[in-house]
Amino acid sequence: MRKSIIPPDQPTPRCVDEPGDVARVEVSSEEPEHPVEAALLPGTGWRASRPGPQTIRLVFDGPQHIRRIRLRFVADAYTRTQEFVLRWVNAASEPREIVRQQWNFSGSTEEVEDYRVDLPGVIELELVVIPDISGGSAHASLAEMRVA
């Protein structure tokens, strides 16, 4: 996996390469103790370094056929309504929405979404997390993202 941090004030992301990678991951922000790798690989999960909407984008080196996407969110101390949008792009299309979903973190501590899909030729997969649709100070987080 290669990673790029895509801060709003920097148009060209920094990139970290590792041998054998098939994709680059772009992330809008991350806490050093909770990098995006900790959600894409076994770990403690990702957490944004600042509040507000955040983006995780997988940019594949070549087209992929994706059949399953699993997301797991774990609640923090904030009661809020969170929304996420999952999109995909193939070489011949504009981004297409797979799902847009909201739920309340108030009493529930975990939200797991497991999507069976048939997405041929995927070159990008994007997850946008809006941690509090009312605009509060919650930080986006993602415990796990698996793509197969």
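Note: the structure precedes this text.
Numbering of residues starts from 1 in each chain and follows the order in which that chain's sequence is written. Given that the model is predicted, a residue must reach a pLDDT of at least 70 before its local features are reported, and side-chain atom pairs must reach 80 or more before they are shown or counted; all residues, however, enter totals for whole chains, interfaces and linings. Side-chain numbers here rest on the full set of heavy atoms in the structure, without hydrogens or water.

### Quick word on the overall build of the protein
At step 1: Numbered from the N terminus, helices here are DSSP runs of H or I no shorter than four residues, and strands are runs of E no shorter than two. What the protein contains, in helices and strands, is one helix and 10 strands.
At step 2: In the protein, the succession of α and β elements from N to C terminus is β-β-β-α-β-β-β-β-β-β-β.
At step 3: Buried, partly exposed and exposed residues are distinguished by accessible area as a fraction of the type maximum, computed with a 1.4 Å probe on protein chains only: under 20%, between the cut-offs, and over 50%, respectively. When the 148 residues of the protein are sorted by exposure, 47% land in the buried category.
At step 4: Considering only contacts within the protein whose residues lie at least 6 apart along the sequence, 64% involve residues at least 24 apart.
At step 5: Counting every atom, the protein has about 7,600 Å² of accessible surface; 50% of that belongs to carbon and sulfur. By the convention used here, residues are in contact when the closest approach between their heavy atoms is within 4.5 Å. Under the convention used here, a 1.4 Å probe and the Shrake-Rupley method define accessible areas, while residue burial counts only the protein chains that appear.

### Looking at the packing of aromatic side chains
At step 1: Between rings of Phe, Tyr and Trp, where Trp is taken as its six-membered ring, a pair exists when centres lie within 6.5 Å; planes separated by under 30 degrees are stacked, by over 60 edge-to-face, and by other angles tilted. Counted under the stated rule, the structure contains four aromatic pairs.
At step 2: Their ring planes at 55° and their centres at 5.1 Å tell us that Phe 73 and Trp 103 sit as a pair that is tilted. Linking Phe 73 in strand S5 (residues 54-74) with Trp 103 in strand S7 (residues 96-105), this pair joins segments that are 30 residues apart in sequence.
At step 3: Measuring from ring centre to ring centre gives 5.5 Å for Trp 103 and Phe 105, while their planes differ by 85°; the resulting arrangement is edge-to-face.
At step 4: Through successive ring pairs, a cluster of aromatic residues spans Phe 73, Phe 84, Trp 103 and Phe 105.

### Here we look at the pattern of salt bridges
At step 1: The term salt bridge refers to a pairing of a side-chain nitrogen on Lys or Arg with a carboxyl oxygen on Asp or Glu at a separation within 4 Å. Taken as a whole and judged by the stated rule, the model has 11 salt bridges.
At step 2: Between Arg 57 and Glu 126 there is a salt bridge, with its nearest N and O atoms 2.8 Å apart. Residue Arg 57 is found in strand S5, and its partner Glu 126 is found in strand S8 (residues 110-130); the two are separated by 69 residues along the sequence.
At step 3: One salt bridge in this structure joins Asp 114 and Arg 68, with 2.5 Å as the shortest N-O distance. Here Arg 68 lies in strand S5 and Asp 114 lies in strand S8, a separation of 46 residues in the sequence.
At step 4: What makes Arg 68 partly exposed here is its relative accessible area of 31%.
At step 5: Ionic contacts of the salt-bridge type, sharing partners, join the residues Arg 24, Glu 26, Arg 57, Arg 87 and Glu 126 into one network.

### What to know about the nonpolar core
At step 1: Buried Ala, Val, Leu, Ile, Met, Phe, Trp, Tyr and Cys residues form a nonpolar core when they are joined through side-chain atoms within 4.5 Å. Within the largest apolar cluster, 31 residues are counted, with the highest numbers of intra-cluster contacts made by Trp 46, Leu 71, Phe 84, Leu 86, Leu 125 and Leu 142.
At step 2: Elements with a contribution of two residues or more to this core: strand S3 (23-27), helix H1 (37-40), strand S4 (46-51), S5, strand S6 (80-90), S7, S8 and strand S9 (139-142).

### Some points on the pairing of S7
Where a strand is regular, its side chains alternate between the two sheet faces.
At step 1: Bridge count between S6 and S7: nine bridges; the pairing is antiparallel. Its bridge partner being in S7, Arg 80 is matched across the sheet by Phe 105. Two strands are counted as paired when DSSP detects at least two bridges linking them.

### Describing the environment of Glu 144
At step 1: Relative to the helices and strands, Glu 144 is located in strand S10 (residues 144-147).
At step 2: The class of Glu 144 is buried, set by a relative accessible area of 15%.
At step 3: Along the backbone, Glu 144 and Gly 45 are 99 residues apart, and their C-alpha atoms lie at a distance of 6.1 Å.
At step 4: Dropping the residues within four chain positions of it, Glu 144 is found in contact with Ala 39, Arg 70, Leu 71 and Arg 72.
At step 5: The definition of a polar contact used here is a pair of N or O atoms within 3.5 Å, where within protein one atom must be able to donate a hydrogen and the other to accept one, and adjacent residues in sequence count solely through side-chain atom pairs. Within the structure, the side chain of Glu 144 is placed 2.3 Å from the side chain of Arg 70, a separation counted as a polar contact.

Treat this as a map of the structure, not an account of what it does.
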